[in-house]
Amino acid sequence: MRVLVIGSGAREHALVLALSRDPGVTAVLAAPGNAGIAQIAEQFPVDAASAEQVVALAKEQNVDLVVIGPEVPLVLGVADAVRAAGIACFGPSAAAARIEGSKAFAKDVMNTAGVRTAHSEVVDSPGVLDEALDRFGPTWVVKDDGLAAGKGVVVTADRAVARDHAAEILENGHPVLLESFLDGPEVSLFCLVDGETVVPLLPAQDHKRVGDGDTGPNTGGMGAYTPLPWLPAETVDVIVEEVVRPVAAELVNRGCGFSGLLYAGLAIGKDGPAVVEFNCRFGDPETQAVLALLESPLGEALAATANGTLAELPPLRWRDGAAVTVVLAAEYYPASPRTGDVITGAGADAEGVLHAGTKRNESGAIVSAGGRVLSVVGVGADLSAARDQAYATLAGIKLPGGHFRTDIGLAAVEGRITV
Ligand code: GLY
């Protein structure tokens, strides 16, 4: 099977790596990729958001399966175009991708499906913003009702900060979603979904704030770990039965059944799991940790999802132990990351170093080309060992101005997370 992976982040690097380990995959191609993916797959300079370019490449390269990593091409209908060209595609239709692309659509689906989620209101005019803000608090959750790569979300106890963020979203011409704050530790549960068939992967936890101790602004994600030692064993089944299956069934009812990876972001509160958000694709950086523990062939699982035979897939097999991914970010990320810095150090070529925002400069050196530059993955017999491995590798990598969190997975290791 020849597989084409669309995207250019560390998530896509992890997908390419796992696919290249699958004996049933004869070739892995990537577009547009990055400097790390280039070391293990042939790359093509294609605009991931252009259905025309992606379909033309898939045909020209005779691929059997297209795997779409990021949300933007999915929301724009690239998966529909690939399927219309007669090529199998891992990724939902534009209609189903609204579960991520429109937070208002996601809320409506959840309300109909009876899934617990935060109370919310959409505000589309500055004139009603203040009275709407008064109905929320003491912690305000302010979201851009569109795609904002995680950075469109502000969670704050400061009403003025909430107001400023909402006003900026409105000035940019987008509606604002105000939500009640959901208490409890967060879980990212990725599920392969083909209509009403649901296969969960290992649960993971992201660290969205830029600084240690969950301080500073939200980012696309600064690190993640899996599995979650503090999560009761039955909780994954509860999430599948009470959250993912009802939402998958409701999407089928609405004529837009989901095919691909449905990502449920949840808070585990006193009354059980409640949905913070749904995404229509693998999460970044959780995927880098989750796939590090996958023993089953990834190509087989993605192809079964894309071809509508997920119910026949043998149970997924996972390696024992834990995996941690730590993101190395560029100076001034997330506000205005500086790019063009040369990445050096013995660790930069170590196993488990996945590239995100990287490219080669004119002299052939690998330089930063985005806010999140590398994802460093450590695997070990337990979470503590996996953390040690990730941070040991990171210590050998040099990026001027680069920064990372030192506490990925630490609260779990120290037993500070309870549900
Ligand atoms: N881990 C956050 C995201 O992928 O959106």
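For the structure, see preceding data.
Colleague: Can you lay out the sheet that holds strand β8 (residues 154-156) for me, pointing to particular residues and giving the numbers?
Modeller: A sheet is described by the order of its strands in space; here 4 strands give the open sequence β6-β9-β7-β8, paired in antiparallel fashion. The two strands at the open ends of the sheet, each matched to only one other strand, are β6 (120-123) and β8. Pairs of neighbouring strands in the sheet enclose a mean axial angle of 20°, with direction left out of account. With 3 bridges joining them, strand β7 (residues 140-144) and β8 adopt antiparallel strand pairing. Paired with Trp140 across the two strands is Thr156, which belongs to β8. On the sheet, helix α8 (residues 159-171) packs against β6, β7, β8 and β9 (176-179) and is oriented at approximately 15° with respect to β7.

Colleague: Tell me what's going on with the pairing of strand β15 (residues 223-226), and back it up with residues and numbers.
Modeller: Both faces of β15 are covered, namely the face carrying Gly223 and Tyr225 and the face carrying Ala224 and Thr226. The pairing of strand β12 (residues 205-206) with β15 spans 2 bridges and is classified as antiparallel. Looking at the pairing, Gln205 lines up with Tyr225 of β15. Here β15 runs beside strand β18 (residues 322-329); their pairing, made up of 4 bridges, is antiparallel. Its bridge partner being in β18, Ala224 is matched across the sheet by Thr325.

Colleague: Which residues make up the pairing of β7, and what values go with them?
Modeller: The element β7 is extensively covered by neighbouring structure, given that 5 of its 5 residues are classed as buried. Of the two faces of β7, both are covered, the one formed by Trp140, Val142 and Asp144 as well as the one formed by Val141 and Lys143. Looking at chain direction, β7 and β9 are connected through 4 bridges and run antiparallel. Directly across from Val141, in β9, lies its bridge partner Glu179.

Colleague: Summarise unusual backbone geometry; cite the residues concerned and give the values.
Modeller: A cis amide bond, omega 10°, links Gly137 with the succeeding residue Pro138. The residue Pro138 is located in the loop between α7 (129-134) and β7 in this model. Residues Asp284 and Pro285 are joined by a peptide bond in cis, for which omega reads 20°. The residue Pro285 is located in the loop between β17 (272-279) and α10 (286-292) in this model. For Tyr332, which is not a glycine, the phi torsion comes out positive at approximately 70°.

Colleague: Please provide a residue-by-residue account of α8, values included.
Modeller: In this model α8 runs 18 Å from its N-terminal to its C-terminal C-alpha over 13 residues, within 8% of the 18 Å that 1.5 Å per residue would give. Three or more residues of α8 are buried, namely Ala162, His165, Ala166, Ile169 and Leu170. Down the axis of α8, the sector holding all buried residues measures 140°, keeping them to one side. Turned more than 90 degrees away from the buried face of α8, the exposed residues are Asp164 and Glu171. On its buried side, α8 packs onto β6, α7, β7, β8 and β9. Where α8 begins, the capping side chain belongs to Asp158, and its oxygen is found 3.0 Å from the backbone nitrogen of Ala160.

Cut-offs and rules
- Think of each chain on its own: its residues are numbered from 1, step by step along the sequence as written.
- Only residues with pLDDT of at least 70 are given local features in this predicted model, and only at 80 or more are side-chain atom pairs given and counted; all residues enter the totals for whole chains, interfaces and linings.
- Calculation of side-chain values draws on the structure's entire complement of heavy atoms; hydrogens and water are dropped beforehand.
- In this scheme, strands are said to pair when DSSP sees at least two bridges between them.
- Starting at the N terminus, helices and strands are each numbered in turn, a helix being any DSSP run of H or I of at least four residues and a strand any DSSP run of E of at least two.
- For helices, the axis comes from a line fit to the C-alpha atoms of the stretch in contact; other axes are also lines fit to C-alpha atoms, and the angle between any two N-to-C directions lies between 0 and 180 degrees.
- The criterion used for residue contact is that any of the two residues' heavy atoms lie within 4.5 Å.
- When accessible area is computed with a 1.4 Å probe and restricted to protein chains, residues below 20% of their type maximum are described as buried, those above 50% as exposed, and intermediate ones as partly exposed.
- Any helix carries an expected span of 1.5 Å times its number of residues minus one.
- The arc in question is formed by the directions pointing from the helix axis toward the C-beta atoms.
- Between N or O atoms, a polar contact is any pair within 3.5 Å; within protein, one atom must be a potential hydrogen donor and the other a potential acceptor, and residues adjacent in sequence are included only when both atoms are from side chains.

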